[in-house]
Each structure stands twice: as C-alpha cells, then as structure tokens.
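This is what each chain is made of:
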Amino acid sequence: PDEVFVSAASGAFAAHDPDGTAYVYRRRGYSWEQAMNGLPGPEGVGRALLASGPARVYAATNRGVFERRNGSWRSLPVAWPRAREGDLPRGLAVVA
C-alpha cells in the first residue's frame with residue numbers, strides 16, 4: 001500500500017484509558033509522521049481503532065468516528081453520546 005496507518009500510545013495503560021494520550025501515525029515510503037490533523041487529542045483520548053475501505057481510512061475513538069480525506073480527518077455524522085466518551089470502542093467495521 002502507498003500509506004500505512006497505526007495507532008499508538010505511550011504504554012498499555014495509556015492505550016486503554018479513555019483519558020490517556022494516543023496518536024495516529026502514517027507511513028509513506030520509509031518515513032513515519034503524526035497523522036492527527038482533525039482527530040481529537042492526543043491528550044484525553046484512548047487509542048484509535050483503524051479500518052480501511054475503498055480508498056478511505058476510518059478511525060473510531062472514544063470521541064467519535066472519523067474519515068480521512070485529503071490529508072486530514074473529518075468527523076462523521078454518527079450519534080456519539082457524551083456519556084460514552086468514558087468507554088473505548090471495541091470494534092470498527094467498514095461496509096462498502
């Protein structure tokens with residue numbers, strides 16, 4: 001693939017803590033860079049679940065669901081109750 005995305009945190013506790021600190025990185029060629037433009041955080045967000053669909057990448061965090069377009073993330077219109085921000089998503093499926 002032309003791009004590879006990963007979600008990372010400073011440790012296991014931070015990755016699974018909805019008030020942790022987590023990042024998304026992107027690799028193009030041989031170099032890695034942060035790919036956080038448009039995502040919430042990195043502070044106060046647990047690790048993102050990532051999935052891909054046809055020509056798109058998606059991320060689910062405890063702050064909502066996001067789609068990557070034109071080099072940045074945008075929030076998708078998914079109902080995300082404020083009360084659920086204390087929980088981390090456990091799965092993300094893309095159906096095309």
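Shown above is the structure to which this text applies.
Below is a summary of the structure that appears in this document. All values derive from a computational prediction rather than experimental measurement. (Residues numbered from 1 in each chain as written. Predicted model: local features only at pLDDT ≥ 70, side-chain atom pairs only at ≥ 80, totals over all residues. Heavy atoms only, no water.)

**Remarks on the side chain of Arg47**
Here comes step 1: Secondary-structure assignment places Arg47 in the loop between strand S3 (31-34) and strand S4 (49-53).
Here comes step 2: The buried charged residue Arg47 lacks any salt bridge partner; its closest oppositely charged side chain belongs to Asp17, at an N-O distance of 11 Å.
Here comes step 3: Excluding residues within four positions of it along the chain, Arg47 makes contact with Ser7, Ala15, His16, Ala22, Ala60, Leu88 and Pro89. (Helix = DSSP H or I, 4+ residues; strand = E, 2+ residues; numbered from the N terminus. Buried < 20%, exposed > 50% of the residue type's maximum accessible area, 1.4 Å probe, protein only. Lys, Arg positive; Asp, Glu negative; His and termini not counted. Salt bridge = Lys/Arg side-chain N within 4 Å of Asp/Glu carboxyl O. Contact = heavy atoms within 4.5 Å.)

**Concerning the environment of Leu88**
Here comes step 1: Following the sequence through the fold, Leu88 ends up in the segment after strand S7 (72-75).
Here comes step 2: The spacing of Leu88 and Ala15 is 73 residues in sequence and 9.5 Å in space, taken between C-alpha atoms.
Here comes step 3: Not counting residues up to four positions away in its chain, the partners in contact with Leu88 are Ala15, His16, Asp17, Pro18, Gly46, Arg47 and Asn62.

**Some points on the sheet that holds strand S1 (residues 3-9)**
Here comes step 1: Pairing in this open sheet of 3 strands is antiparallel, and the strands run S1-S2-S3 from one edge to the other. At either margin of the open sheet sits one strand with a lone partner, and together these are S1 and S3. Averaged over neighbouring strand pairs, the angle between their axes works out to 30 degrees when direction is ignored.
Here comes step 2: In terms of strand pairing, strand S2 (residues 22-28) meets S3 through 4 bridges, oriented antiparallel. Residue pairing for S3: Arg27 is matched across the bridge by Trp32. (Pairing = 2+ DSSP bridges. Axes fitted to C-alpha atoms, helices over the stretch in contact; angles between N-to-C directions.)

**Examining the pairing of S2**
Here comes step 1: Sheet analysis places S1 next to S2, joined by 7 bridges and oriented antiparallel. Looking at the pairing, Ala9 lines up with Ala22 of S2.

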